[in-house]
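# Chain and residue survey
Here is how the chains run, residue by residue.
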Amino acid sequence: MDAPDWKEYFKLMKESAPLVIHYPICGGGEECIYVCPFGDEIWEVVPMKVSLFGVKYRVRLRPFMKNPNACRKCYICVQACPTGALRPVDKPVKHPTVVLIYNTLKLPFKKKYGIKFVFRDEHAEKFRKNNSPDVYSSGGGDYGKRD
Ligand code: SF4
C-alpha cells in the first residue's frame, strides 16, 4: 500500500482545520472520532506513512478531518486523545516525546477518558486495524489517496 507522508496531512489540517494531529505520537485508536458528536461527518481515517511512537516508519491509518467546517470547536476530542497528539491548531505539539510521556503518565488519573476508556474493545480493535492496515484490507480495500 502506498501513501503520502504524515506531514502532508498535518499541513492540510493546519491550513484548513481548527485542530492538528502530530501523527508520530497518535496511536490510531480513534478515540477522537468516537467521542466527536459529529464523528462521521467530520472525520475519516486515511493511509499515511508514519512511525508509531518512533517505531517502524510505514503505512498506517490515522484520523483526518475531511470536513473541518463542521467542527464546533468543543474540543471533546482533544480531551479524549490519550497521547496528546491532537491539539488546537494554535497550540501544536512542540516536544513530542515530552507530550507523549506526560499524557501516558496522566492517563491513570484522568476521571474521564482514562485507562478504561482507552482500552475499550472498540479502541483496541481500531488500534490493531489502523496499525496493520495491510493485514486487515485483504481484498484490496479502497483506502484511496486524496487528490
Ligand atoms: S472539536 Fe468537537 S466537533 Fe470538532 S472534531 Fe473535536 S469533538 Fe468534533
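First things first, this report covers the structure right here in the doc. Here the structure is a predicted model, which means the values were calculated and not measured.

Calculation notes
- Residues numbered from 1 in each chain as written.
- Predicted model: local features only at pLDDT ≥ 70, side-chain atom pairs only at ≥ 80, totals over all residues.
- Heavy atoms only, no water.
- Helix = DSSP H or I, 4+ residues; strand = E, 2+ residues; numbered from the N terminus.
- Buried < 20%, exposed > 50% of the residue type's maximum accessible area, 1.4 Å probe, protein only.
- Near = heavy atom within 4 Å.
- 1 Å grid on protein atoms, 1.4 Å probe; cavity = no way out; pocket = protein on both sides within 12 Å on 5 of 7 lines; lining within 4 Å.
- Sits in = over half its atoms within 2 Å of the grid points.
- Nonpolar A, V, L, I, M, F, W, Y, C, P; charged D, E, K, R; others polar.
- Phe/Tyr/Trp six-rings, centres within 6.5 Å; stacked < 30°, edge-to-face > 60°.
- Lys NZ or Arg CZ within 6 Å of the ring centre and 35° of its normal.
- Pairing = 2+ DSSP bridges.
- Salt bridge = Lys/Arg side-chain N within 4 Å of Asp/Glu carboxyl O.

Okay, the side chain of Glu30 next. Tracing the sequence through the fold places Glu30 in the loop between strand 1 (19-21) and helix 2 (31-35). On the basis of relative accessibility, which here comes to 11%, the residue Glu30 falls in the buried class.

Around the ligand sit 13 residues, and of these Cys36, Cys71, Cys74, Tyr75 and Cys77 come closest. At a threshold of 2 Å from the grid points, most atoms of the ligand map onto the second largest cavity. By residue class, the composition of the shell around the ligand is eleven nonpolar, no polar and two charged.

The subject of this paragraph is the packing of aromatic side chains. Within the structure shown, the criterion is met by four aromatic pairs. Plain terms: the ring middles of Tyr34 and Phe117 are 6.0 Å apart, the flat faces sit at 55 degrees to each other, and that makes the pair tilted. Linking Tyr34 in helix 2 with Phe117 in helix 6 (residues 115-118), this pair joins segments that are 83 residues apart in sequence. Its relative accessible area of 9% is what places Phe117 among the buried residues. Taken together, the ring pairs in this structure connect Tyr34, Tyr113 and Phe117 into an aromatic cluster. Directly above the ring of Phe38 sits Arg72, whose terminal nitrogen or CZ lies 3.6 Å from the centroid.

Take the pairing of strand 2 (residues 43-52) next. Where a strand is regular, its side chains alternate between the two sheet faces. Within strand 2, seven of the ten residues are buried, which leaves the element mostly enclosed by the surrounding structure. Bridge analysis of strand 2 against strand 3 (residues 55-65) gives nine bridges, and the strand direction is antiparallel. Paired with Lys49 across the bridge in strand 3 is Val59.

Applying the stated criterion across every chain yields a total of four salt bridges. Across the salt bridge formed by Asp2 and Lys49, the nearest N and O atoms sit 3.4 Å from each other. Here Asp2 is found in the segment before helix 1 (6-16), whereas its partner Lys49 is found in strand 2, with 47 residues between them in sequence. Across the pair Glu15 and Lys11 runs a salt bridge whose closest N-O atoms are separated by 3.3 Å. Taken together, the residues Glu15 and Lys11, both in helix 1 and four residues apart, mark about one turn of the helix. Of the two residues, Glu15 and Lys11, neither departs from the other in class, the shared state being exposed.

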